[in-house]
Amino acid sequence: MNSLLKISLVAFLIFSSFSSFSFAAETKTYPAADGLEGKVFTGYQGWYRTHGDGSGTPWKHYENPYLRFEPGHVGIEYWPDLSEFDEDELYETPFVMADGSAAKVFSSVHPKTVARHFRWMKEYDIDGAFLQRFAVDVVGFHDQSELLLPSNNTVLTNVQKAANQEQRAYSIMYDLSGMPAGEMKRVIEDWKKLSATYKFHEDPSYLRNGGKLVIAIWGVGFNDGRKYTLEDVRELFDFLKHDPMYGGNKILLGVPTHWRSLSNDTVEDPAFHQLLKEADIVLPWYVGRFGGSKRALEMEDELYKPDYEWCKKNGLTYMPVIFPGFSWANRYRHKGETYDKIPREDGKFLWSQAVAAKSAGASCVYIAMFDEMDEGTQIFKVTSKPPVGESKFLTYEPHASDYYLKLTSKISQLMQGRIKPDPTLPKID
C-alpha cells in the first residue's frame, strides 16, 4: 500500500470516528429532554432497598441511624401509597396496618416501581428527574460499595428504560458528599463506564441543553468541612467539559444557598466564583433554609432575583430548588427532632416558592424531591392510612395522595407562562 493510500485510509477512519460521535451527540431527543426553558424537574433518590429485593442491603433508607426498621424505630416520615402497586413489587415489613395485616413498602430496584414513578411524572407534567448518584457509594469509599454499585446501576437501568417509555428526561447528578480529597479520578472512571454501558449520547431521554448532555455535580462550595477541594472539583469539571472523547457537556453545579455572597453556608473563596462562571446551570440548595409561605415570597427580592441577575450577567441558567416542606423527626428521634418542622401549609409553601422564583425571572425549577420520605420532602403519592403503633407518620390529609403531584402540574403551567404568578394557591381538582 503506497503512502498516499495509507494517509487517505487513516484520514477516512479518523473522519468516520468523529462523524459517528457527532451523529450520536445530535440524537433527536424527546421534547421533555430538549432544553430547560419552561421546565419542571425533580430530584429522584431511588435509594430505597428492602429485604428480598436482591440488592443485599435490607431496609436501606427506611431504617433509622441505628439501622433499625421496626415500630418505634424508623427513618421515614411518610408511608408510600401502594394502592396502585402490583403484589410482586411489594415487600412486607415489621409494621402493622389498622386491620392487622403486615404493612408493605416498595424497593427502588424493582423496574415496575420505577416505571410507575415515571408514569406519574408524565401524568402530572413533570418533565424529568435528576437521578442522584452518591459518589462514595459507587467508587469504593462506602463499606457496602460492592453491593451499592450494582444496585445503583440497576436503578439507573430502570430509570433509563422508564424515561424512554414515558418520554421523560433524566440526568445523572453526582452527589460528592463524603468524598475524600484527591479522588475525583474515581468519579471520572465511573462516568466513562456509564457512558460505555448506557450510551447516553444515543439516548433520546437523556437531558440536553443546546444539544449537549447535562451532567450535574452537587455539593460544591459548601463550608461544612468537606474534604474534597475546589481544585478536586475542577479536575472533574475539566474532564466533563474538555476531554477529547467524553467532554463537551453542559454542567449543572449544585451550590449552597449563599453562593453569590460567599457567606453563611458558603466558602469564602473567590476561586469558587471563577469555577462557577465556567459552569452552565446554577442550582442553589434552599431545602431546610427557611419556612413559611410568607417568607418564601420574600425570597424573590432577597435571593431569587439577585441570584438570577448574577447568573444572567455571567451567561448561566438559574435553576432554583423549591421544596414542599421538611421533617425528619423519625430519623432523628434520638435528637428530639419535631414532626413537620417546616409545615407544608396545604401546598401554599411550595406554591409560594414557585411564584417567587418565576417572578424573579427563573425559567425552570427543580423540586426536591420526588421520593424522599426521609426528610419529608417527597411529592409522590403517600397514604393517609399509614401503619398503626408506636411510630408516627405524617400524611397529606385532608387531601388526596396525589395532591402534591397535582400542585406540581400547576407549577409546570406557571413555568410555561400558561398561568400568572399569583401568590394565591390555585384550586386543585
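Everything discussed here concerns the structure shown above.
Please read all numbers here as calculations on a predicted model, not as lab measurements. (Residues numbered from 1 in each chain as written. Predicted model: local features only at pLDDT ≥ 70, side-chain atom pairs only at ≥ 80, totals over all residues. Heavy atoms only, no water.)

J.: Looking at this model, I keep getting lost on the pattern of salt bridges. Mind explaining?
T.: A pair can form between side chains of opposite charge whenever their charged atoms are brought close. For the structure shown, the criterion picks out 24 salt bridges. Notably, a salt bridge pairs D265 with R289, separated by 3.5 Å at the nearest N-O pair. Of this pair, D265 sits in the loop between strand 8 (250-255) and helix 7 (270-276) while R289 is found in the loop between strand 9 (281-284) and helix 8 (293-313), placing the two residues 24 residues apart along the sequence. Between D374 and R331 there is a salt bridge whose closest N-O contact spans 2.9 Å. A residue pair is termed long-range when its members are at least 10 positions apart, and D374 in the loop between strand 12 (364-367) and helix 10 (403-415) and R331 in the loop between strand 11 (321-322) and helix 9 (348-360) qualify at 43 residues. Given the relative accessible area of 3%, D374 is considered buried. Among the charged side chains, a salt-bridge network with shared partners connects D86, D88, E89, K112 and R116. (Salt bridge = Lys/Arg side-chain N within 4 Å of Asp/Glu carboxyl O. Helix = DSSP H or I, 4+ residues; strand = E, 2+ residues; numbered from the N terminus. Buried < 20%, exposed > 50% of the residue type's maximum accessible area, 1.4 Å probe, protein only.)

J.: Before we go on, may I ask you to explain the packing of aromatic side chains in this structure?
T.: The way to describe two aromatic rings as a pair is by their centre distance and the angle between their planes. Overall, the coordinates contain 41 aromatic pairs when judged by the stated rule. Plain terms: the ring middles of Y48 and F106 are 5.7 Å apart, the flat faces sit at 75° to each other, and that makes the pair edge-to-face. Taken together, the residues Y48 in the loop between strand 1 (39-44) and strand 2 (91-96) and F106 in the loop between strand 3 (102-105) and helix 2 (111-123) connect sequence positions 58 residues apart. Each member of the pair, Y48 together with F106, is buried. Sitting above the plane of the F85 ring, R116 keeps its charged end 4.8 Å from the centroid. (Phe/Tyr/Trp six-rings, centres within 6.5 Å; stacked < 30°, edge-to-face > 60°. Lys NZ or Arg CZ within 6 Å of the ring centre and 35° of its normal.)

J.: Would you mind going over unusual backbone geometry with me for this structure?
T.: Backbone geometry follows two general trends: most residues other than glycine have a negative phi, and most peptide bonds adopt the trans configuration. The step from A368 to M369 runs through a cis peptide bond, and the omega angle for that step is -5°. With an omega of 10°, the peptide bond between E397 and P398 qualifies as cis. Among the secondary structure elements, P398 is positioned in the loop between strand 12 and helix 10. The backbone of W59 sits at a positive phi, close to 60°, despite the residue not being glycine. Considering the arrangement of structural elements, one finds W59 in the loop between strand 1 and strand 2. Of note, E345 is a non-glycine position whose phi angle comes to about 55°, a positive value. When you line up the elements, E345 lands in the loop between strand 11 and helix 9.

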